[in-house]
Amino acid sequence: MSDLKFTGFGGITLAADSFGDEDAPAVLLLHAGTHTRAMWTDVAEELARAGRRVINLDQRGHGESERPADGRYDFDAYVADLRMVLGAMASRPVIVAASVSGWVALAALEEDGANLATGLVVVDALPLDDASIATLTARIEAQSGQAADRLDWDPAFLKDMDLDLVRAHVMRAAPTLKLPLLFIRGAESKFTTHGAAEKFVDLLPDNEFVEIEGAGHMVAADRPEEFNGALLDFLERRVPRVTPEFRTGSDARTLRDALGCFATGVTIVTTYDGDGNPVGLTANSFTSVSLDPPLLLVCIANGASSLPALRDNEYFAVNVLQIGQQPASDRFARRGEDRFGETPWTHGEFGSPVLTGSLTSFECKRHEMHDGGDHVILVGQVLKAQFEPRRDPLLYFRGKYRRLHFT
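Presented here is an overview of the structure given in this document. Keep in mind the model is a prediction, meaning the values are calculated, not measured.

## Quick word on the environment of D273
Within the secondary structure layout, D273 lies in the loop between β10 (267-272) and β11 (278-283). Judged by its relative accessible area of 25%, D273 is partly exposed. The sequence separation of D273 and E213 amounts to 60 residues, and the corresponding C-alpha distance is 64 Å. When residues no more than four places from it in sequence are discounted, the contact partners of D273 are V279 and A309. A distance of 2.9 Å separates a polar side-chain atom of D273 from the backbone nitrogen of D275.

This is the structure in structure tokens:
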């Protein structure tokens, strides 16, 4: 087991444990509200023994994850956290989510879920009918007065959970799910009935419904062997441990994962917009093209906010990053950041922003621009290149930053 950290919505730090071989198919465990990742430890160990890579996450305000200074515990904040965690993982996991986290996962996977995960297992989640809402509301009211210093979760999170808004969001998201789903319920649960749970599951495409006899609301704790058996059976049938394969017509994320097996450097492409403001973005689809004439290319996503400026301005720079510039890479990859305000840079000789301290900086004039599907291929003629031979490159492989390993 090893410790991991993720960045969530608003920059908060989320803590996690990892189990198993990091190259094995991934499973992301999300605990119930008012619990921590400790509730999943036995399950995580069982999944690792069964050949899965397991990430066991503490949600915001729970366990070792940060309690947000702005007090944001609303449903949308949890949804945004999960989407950021999924975006940071090296491969798409099966999500196993308990109680409130099941709703969070359903909302996070709305519409584009197949690009973020390979399956969803919802455990002990209430079906959000009127009776379940009333039961949960009473439970929240009973728990919300507890003293925060005696708990390993922040009771303030209960106050921001508007269950009517949650229900509207989940009911909208449920029919759009494009993943295999397993809904597990304890047959003796007093929070809801079999009929209400079955009615809710029927809203979900490609679903399976399992009730475990003799288990109450905390089914994994009440009947661990039966729970683990149902979970592993679903995983082996629906998300088997086989070598992933992409063919034309498969989902794009599988191709993205395959392409991610090619290790690259990391660059930041910079230019000025029409108002003279520096703009830029992180890109790792970069290569040399020709020595005579001196040409290189970089691929820019059609939806990149910097693309209009790169179309309008014929001069740009490609800054190849060294290992100390990982924070800059993250900053230029996120929207809404003051990218240049916290990154050292200077005005280049040929009219483009150049990042100070880069491994290499290429100042270029646009040579050609081509359509490349969902990207634009920008070919530049190199006017000037300067480099620092004593630094090591920042590398990117299978969705993670890497460093050179010398043998």
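Resuming the write-up.
## A few points about the pairing of strand β3 (residues 26-30)
Within β3, five of the five residues are buried, which leaves it mostly tucked inside the rest of the structure. What joins β3 to strand β4 (residues 53-57) is helix α1 (residues 41-49), and the crossover it makes is right-handed. As judged from the four bridges shared by β3 and strand β5 (residues 94-98), these two strands associate in the parallel manner. Bridged to L30 within β5 is A97.

## Quick notes on the side chain of T360
Mapping T360 onto the fold places it in strand β17 (residues 360-372). The class of T360 is buried, set by a relative accessible area of 13%. Beyond its immediate sequence surroundings of up to four residues, T360 is in contact with V318, N319, V320, Q386 and F387.

## Brief notes about the state of the cysteines
Scanning the entire structure with this criterion turns up zero disulfides. Free cysteine: C299, not disulfide-bonded; nearest cysteine sulfur from C364 at 14 Å. Taking relative accessible area as the criterion, C364 reaches 1% and is therefore assigned buried.

Calculation rules
Residues numbered from 1 in each chain as written. Predicted model: local features only at pLDDT ≥ 70, side-chain atom pairs only at ≥ 80, totals over all residues. Heavy atoms only, no water. Helix = DSSP H or I, 4+ residues; strand = E, 2+ residues; numbered from the N terminus. Buried < 20%, exposed > 50% of the residue type's maximum accessible area, 1.4 Å probe, protein only. Contact = heavy atoms within 4.5 Å. Polar contact = N/O pair within 3.5 Å; in protein donor to acceptor, adjacent residues only side chain to side chain. Right-handed = clockwise from strand over helix to strand, strands pointing away. Pairing = 2+ DSSP bridges. Disulfide = S-S within 2.5 Å.

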